[in-house]
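# Structural features, examined
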Amino acid sequence: MDLSEIKKNLEKAAKAQQRLYHYTTLAALLEMVNSGCLRFSNVAYLNDKKEEDFSHGRHLYIMSFTGENEYTSMWSIYGEEKEIKIRMDFPVRDFLSCFDKRNVYNREENYNWKTRQKEENWISSFCNTKKLIDIPTNPLCELCYVMYMNKEETQLCVNVPKHIEIEASEENRTKLAGFYKYDLWEYEHEIRAVINASSADVSSVIKKTSEDGALQFAYPRYLYLRMTDGFFKDVNVTFNPWMSELMQQELAEILNKKGITCRPSEFDSQIGKLSR
């Protein structure tokens with residue numbers, strides 16, 4: 001089986017899922033709900049620091065998902081430390097339908113190319129400052145299971161829909177840019193959505209800053225995909241396992257008003273609070 005056929009099967013398996021599950025923070029969820037957008041992260045800012053190398057020079061923006069099963073390891077890793085961690089999920093069909101409209105935005109005026117951080121809270125001003133990006137790449141976004149490479153960097157494998165192994169040649173890795181990582185992450189069984197902004201009009205993607213007469217460039221940390229009306233009405237939220245019952249009740253009351261259904265973790269009260 002050649003790589004193109006393998007990737008086609010992995011894309012088919014990802015799209016066959018009923019729902020996608022994304023670990024994040026309550027603050028990030030509220031940003032997405034209030035703006036009506038999902039947030040894709042620049043590959044340079046992912047938790048696996050090799051991801052930028054594995055993008056093979058392409059300007060990729062990624063949103064990561066898992067299947068339905070909960071993992072305590074996922075709760076411990078994803079979402080910023082000291083923030084309220086949640087897991088959101090939504091139907092695959094609704095997610096995929098948003099790409100047809102090709103409404104991708106950046107907020108370059110809030111991006112500091114020196115610190116690579118947002119300079120202010122963007123929720124209140126998003127609708128007045130968003131900037132539409134023309135990304136001619138077709139499809140706009142790919143949804144696919146991730147393949148995993150061994151530490152010797154000789155082999156790529158995946159266990160969906162069955163165990164498959166191929167050589168980790170430079171050609172194969174380049175073709176899989178954005179869709180492979182080291183096998184120490186294999187337990188995640190990751191499904192990944194990738195926006196390739198490499199073909200976009202650079203004037204709409206890149207923030208330009210002149211310093212000492214030199215022009216500086218930096219791709220923004222995030223791109224935002226505008227979701228269709230009613231998308232967030234079918235979003236569910238799972239609370240993290242160590243959240244108190246009182247806090248769950250209070251947050252559920254807030255999120256229910258936004259049309260979001262809430263539920264406790266299947267590990268609720270079974271694990272202690274994380275400490276680092």
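This text gives an overview of the structure that appears in the document. What you see is a predicted model; the values in this text were computed from it and never measured.

### Regarding the packing of aromatic side chains
With the rule as written, the count across this model stands at 10 aromatic pairs. Look at Phe 65 and Phe 90: their rings are 5.8 Å apart centre to centre, the planes differ by 85 degrees, and that puts the pair in the edge-to-face class. Of this pair, Phe 65 sits in strand β3 (residues 60-65) while Phe 90 sits in strand β4 (residues 85-91), and the two are 25 residues apart along the sequence. Phe 90 shares its class with Phe 65; the two are buried. Summarising the aromatic geometry, the rings of Phe 95 and Phe 99 are spaced 5.0 Å apart at their centres and angled 85 degrees between planes, so their arrangement reads as edge-to-face. Phe 99 gets classed as buried once you look at its relative accessible area, which sits at 8%. Cluster of aromatic residues (ring-pair linked, three or more members): Phe 65, Phe 90, Phe 95, Phe 99, Phe 231 and Phe 232. A cation over an aromatic ring shows up here: Arg 39 above the ring of Tyr 222, its NZ or CZ 4.2 Å from the ring centre.

### Observations regarding the environment of Pro 91
You can see Pro 91 is positioned in strand β4. Here the alpha-carbon distance between Pro 91 and Val 235, two residues 144 residues apart in the chain, equals 7.9 Å. Among residues more than four places away in sequence, those in contact with Pro 91 are Gln 18, Arg 19 and Asp 234.

### Comments concerning the pattern of salt bridges
One pass over the full model with this rule turns up 14 salt bridges. We note a salt bridge from Glu 153 to Arg 173, for which the minimum N-O separation is 3.7 Å. On the criterion of sequence distance, the pair formed by Glu 153 in the loop between β10 (147-149) and β11 (155-158) and Arg 173 in helix α7 (residues 170-175) is long-range, its members being 20 residues apart. Take Glu 153: its relative accessible area is 28%, and that puts it in the partly exposed class.

### Examining the environment of Tyr 61
Positionally, Tyr 61 belongs in strand β3. Sequence separation between Tyr 61 and Val 194 is 133 residues; the distance between their C-alpha atoms is 5.6 Å. Not counting residues within four places of it along the chain, the set of residues in contact with Tyr 61 comprises Phe 40, Ser 41, Asn 42, Ala 193, Val 194, Ile 195, Ala 197, Tyr 219, Pro 220, Arg 221, Tyr 222 and Leu 223.

### Section: helix α2 (residues 26-35)
The periodicity of an α-helix, 3.6 residues per turn, causes residues three or four places apart in sequence to face the same way. For α2, the buried fraction is high: seven of the 10 residues fall into the buried class. Within α2, burial applies to Leu 26, Ala 28, Leu 29, Glu 31, Met 32, Val 33 and Ser 35. Downstream of α2 by one or two residues, Gly 36 has phi in the positive range, about 75 degrees.

### So, the sheet that holds β10
The four strands lie next to each other as β12-β11-β10-β13, forming an open sheet whose pairing is mixed. With one partner strand each, in any of the chains shown, β12 (164-167) and β13 (180-182) form the two edges of the open sheet. Sheet twist, expressed as the average angle between the axes of neighbouring strands with direction ignored, equals 30 degrees. Sheet strands in contact with helix α1 (residues 3-15) are β10, β11 and β12, and its direction is about 145 degrees off that of β12.

### Structural notes on the pairing of β3
Most of β3 is tucked away: five of the six residues are buried. Bridge count for strand β2 (residues 37-42) against β3 is two bridges, and the pairing is antiparallel. What sits directly across from Asn 42, in β3, is Tyr 61.

Quick notes on the rules
- Residues numbered from 1 in each chain as written.
- Predicted model: local features only at pLDDT ≥ 70, side-chain atom pairs only at ≥ 80, totals over all residues.
- Heavy atoms only, no water.
- Phe/Tyr/Trp six-rings, centres within 6.5 Å; stacked < 30°, edge-to-face > 60°.
- Helix = DSSP H or I, 4+ residues; strand = E, 2+ residues; numbered from the N terminus.
- Buried < 20%, exposed > 50% of the residue type's maximum accessible area, 1.4 Å probe, protein only.
- Lys NZ or Arg CZ within 6 Å of the ring centre and 35° of its normal.
- Contact = heavy atoms within 4.5 Å.
- Salt bridge = Lys/Arg side-chain N within 4 Å of Asp/Glu carboxyl O.
- Pairing = 2+ DSSP bridges.
- Axes fitted to C-alpha atoms, helices over the stretch in contact; angles between N-to-C directions.

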